[in-house]
Structure formats: structure tokens, C-alpha cells
Amino acid sequence: MTSIAAEADDRNADWRDSLLGSMRELWEFRELFYYFAWRDIKVRYKQTVLGALWAIIQPLFTMLIFTFLFGKVAGISSDGIPRPLFYFSALVPWTYFSATVSNVSMTLLANSDLLTKIYFPRVVLPGSVALSGLLDFLIASTMLGVFFVYYEVAPGPNLLLWIPFTLALVALALGVGMFLAALNVKYRDIKYAVPFGIQLWLFVTPIIYPLNSIPHQYRLFFAINPLSGIIEGFRRSLIPGMAIEWGPATYSLAAAAAIFAIGSWFFNRSAKEFADYL
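Residues numbered from 1 in each chain as written. Predicted model: local features only at pLDDT ≥ 70, side-chain atom pairs only at ≥ 80, totals over all residues. Heavy atoms only, no water.

(A) Layout of the overall build of the protein chain. Counting its regular elements, the protein chain contains 13 helices and 0 strands. Counting across all 278 residues of the protein chain, residues that qualify as buried make up 48%. Across the protein chain, the fraction of contacts at a sequence separation of at least 24, relative to all contacts at a separation of at least 6, is 81%. (Helix = DSSP H or I, 4+ residues; strand = E, 2+ residues; numbered from the N terminus. Buried < 20%, exposed > 50% of the residue type's maximum accessible area, 1.4 Å probe, protein only. Contact = heavy atoms within 4.5 Å.)

Dropping the structure here:
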């Protein structure tokens, strides 16, 4: 029993040291971290006509399609929220999540030449991708102000909950992305599996439908998805008088932190072997 407890303590210490080490290295190499983030932003909008407007166009046009197909044609409930606001408020965080997971999962392969030539903390690459994606997230979020004016909605103090939900969203996306990025170095099937997995993830996340519209016997299956409580939290924090479902929200916040810890630990543990496979 003593040896088992000691092994558990060693594993916990390993995870803790891995996380603290990642944070410490990010701070020590913060200038490089910011450089990579700025590079990603410039590459994204280089030689584009609309530039940063693409951050709004993607969720906006998806919202229009969802409003017509699932709102008008299928008649799926929007939980009493105006349908454009219902869909757009979920698509903004979903777009960030899906893009960040996809880009982070490919970041090591995309920078393979750099990784094999010089040393720098490998966590800088996925971290900079997550940071640069926040610019699109913030730009798209400003569009919500147009919906507030059009539907005469005055957000209440719950709007401040966007801050912890955004932190949870970043942690979840980064944790999943780092785990997949480390696997992608060894197993190149990952780059084909990620787009397929993200498509499936869309349908088990309450974006098209509210979580409380799921039949009770199936609700637990959907609630296990850590993104469910985050998306519902984003949506409900916009509308005054709508109560936050703290059960799913608390679970999602805790799950996001755990997934970030696991993804960071696995990424750092695998970092020594990246150059061998690249």
C-alpha cells in the first residue's frame, strides 16, 4: 500500500512539475511566444481583401444557414432566445474551439524544420496558436452587440461570466490540441481523424439545440461532453433572467482544467522524441 501511494504521489508530482515547467518556460520565452502568435495572425490575413472580417463572416453565415434549416424548416427549439442570437452565441466559441484544435494538432508538423534546427520550449508553438485565435474570437464577439441592439436585449452582470468560460474554452482547446499534436508526430493518421472528429463533436454539443431539449434518458451522454456546459454558459450569460445551469457549467470548467493538465503533461513528456520522428 505504501509503494502504491508513493507511485501515486510521484505521478501527481510529475504532472504538477510538467504544468509548472510549461508555464515557467512560456514566461521565460514570452517574446518568442508573442512573436509566433503575431506571425500566425499576419499569415492568416496576408493578402486577404476582407482581412479580420473573416472572423465574423464564418460564424455569421453559418448562423444564417442554421436559422433557416434548423429554426424555420426543422423547428428546433431555441430555448426562448431569438434564433440568430441563439446560434451565433454558440458558434463564436465553437469556431474558436474547432479552429484551435485543428491548428494546434498540426503545429508540430507545420514547423518541423524549425524544431529540428534550434531549441526552444515546444509548448510555445501550440500556445501561440491558441493566443492568436483569441483575436478572431474577440472580433466575432463584438458582433453580438449588433444582436443586442436589434433585439433590444440589455445584457446583465452574467455577461462577466464570459471571462471564466473563455478561459475554460482556451484550456480545453489547448489541452485537446496538444494531446493530438504529440500523437500526430508519431501517427500521421491523426491529421485525417481530427477533421472527422470535430464534425462529430459539433453534433454532440448543444449548438443546434439547447441542452434541456434532449430527452432525460440521453442527457447524461451529452452532458459528459465538457464543451456542452461551456457553450450553454456562453449562451445563457447573454440573456438577462436566464439562469446558468451550474451543474453542467461546473463540470465543464473542472473537465477543461483536467484535460489541459493531461494534454500539457503528455505533450511535454513526448517533446524529447519529437525530433526523432520529424
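(B) Structural context of the confidence of the model for the protein chain. With 88% of its residues at a pLDDT of at least 70, the protein chain reaches an overall mean of 84. Taking the mean pLDDT of every element in the protein chain, the minimum, 58, falls on helix α1 (residues 2-28) and the maximum, 94, on helix α8 (residues 162-186). This model gives residues 4-10 a pLDDT under 50, and the stretch forms 0 contacts once residues within four places in sequence are excluded. (pLDDT = per-residue confidence, 0-100.)

(C) Local environment of the pattern of salt bridges. Within this structure, the stated rule accounts for 5 salt bridges. As a salt-bridge pair, E232 and R236 come within 3.6 Å of each other at their nearest N and O atoms. Of this pair, E232 and R236 both sit in helix α11 (residues 226-236), 4 residues apart, roughly one helical turn. Each of the two residues, E232 as well as R236, counts as buried. Here E245 makes a salt bridge to R236, at a shortest N to O gap of 3.4 Å. Owing to a relative accessible area of 31%, E245 belongs among the partly exposed residues under this scheme. (Salt bridge = Lys/Arg side-chain N within 4 Å of Asp/Glu carboxyl O.)

(D) Structural context of the packing of aromatic side chains. Applying the stated criterion to the full structure yields 16 aromatic pairs. Relative to W162, the ring of F137 has its centre 6.0 Å away and its plane inclined at 35°; by these criteria the two rings are tilted. On the criterion of sequence distance, the pair formed by F137 in helix α6 (residues 124-142) and W162 in helix α8 is long-range, its members being 25 residues apart. W162 carries the same exposure label as F137, and that label is buried. Ring centres of F137 and F234 lie 6.0 Å apart, and the angle between their planes is 65°; on these two criteria the pair is classed as edge-to-face. Of this pair, F137 sits in helix α6 while F234 sits in helix α11, and the two are 97 residues apart along the sequence. Here the two residues F137 and F234 agree in accessibility, since each one is buried. These aromatic residues form a ring-pair network of at least three members: Y96, F137, W162, F165 and F234. Over the ring of F86 we find R235, and its NZ or CZ is 3.6 Å from the ring centre. (Phe/Tyr/Trp six-rings, centres within 6.5 Å; stacked < 30°, edge-to-face > 60°. Lys NZ or Arg CZ within 6 Å of the ring centre and 35° of its normal.)

(E) Representation of the environment of A90 in the model. Here A90 shows up in helix α4 (residues 83-110). A relative accessible area of 0% means that A90 is categorised as buried. As a C-alpha pair, A90 and G233 span 143 residues in sequence and 9.4 Å in three-dimensional space. Not counting residues up to four positions away in its chain, the partners in contact with A90 are P206, I207, I231 and R235.

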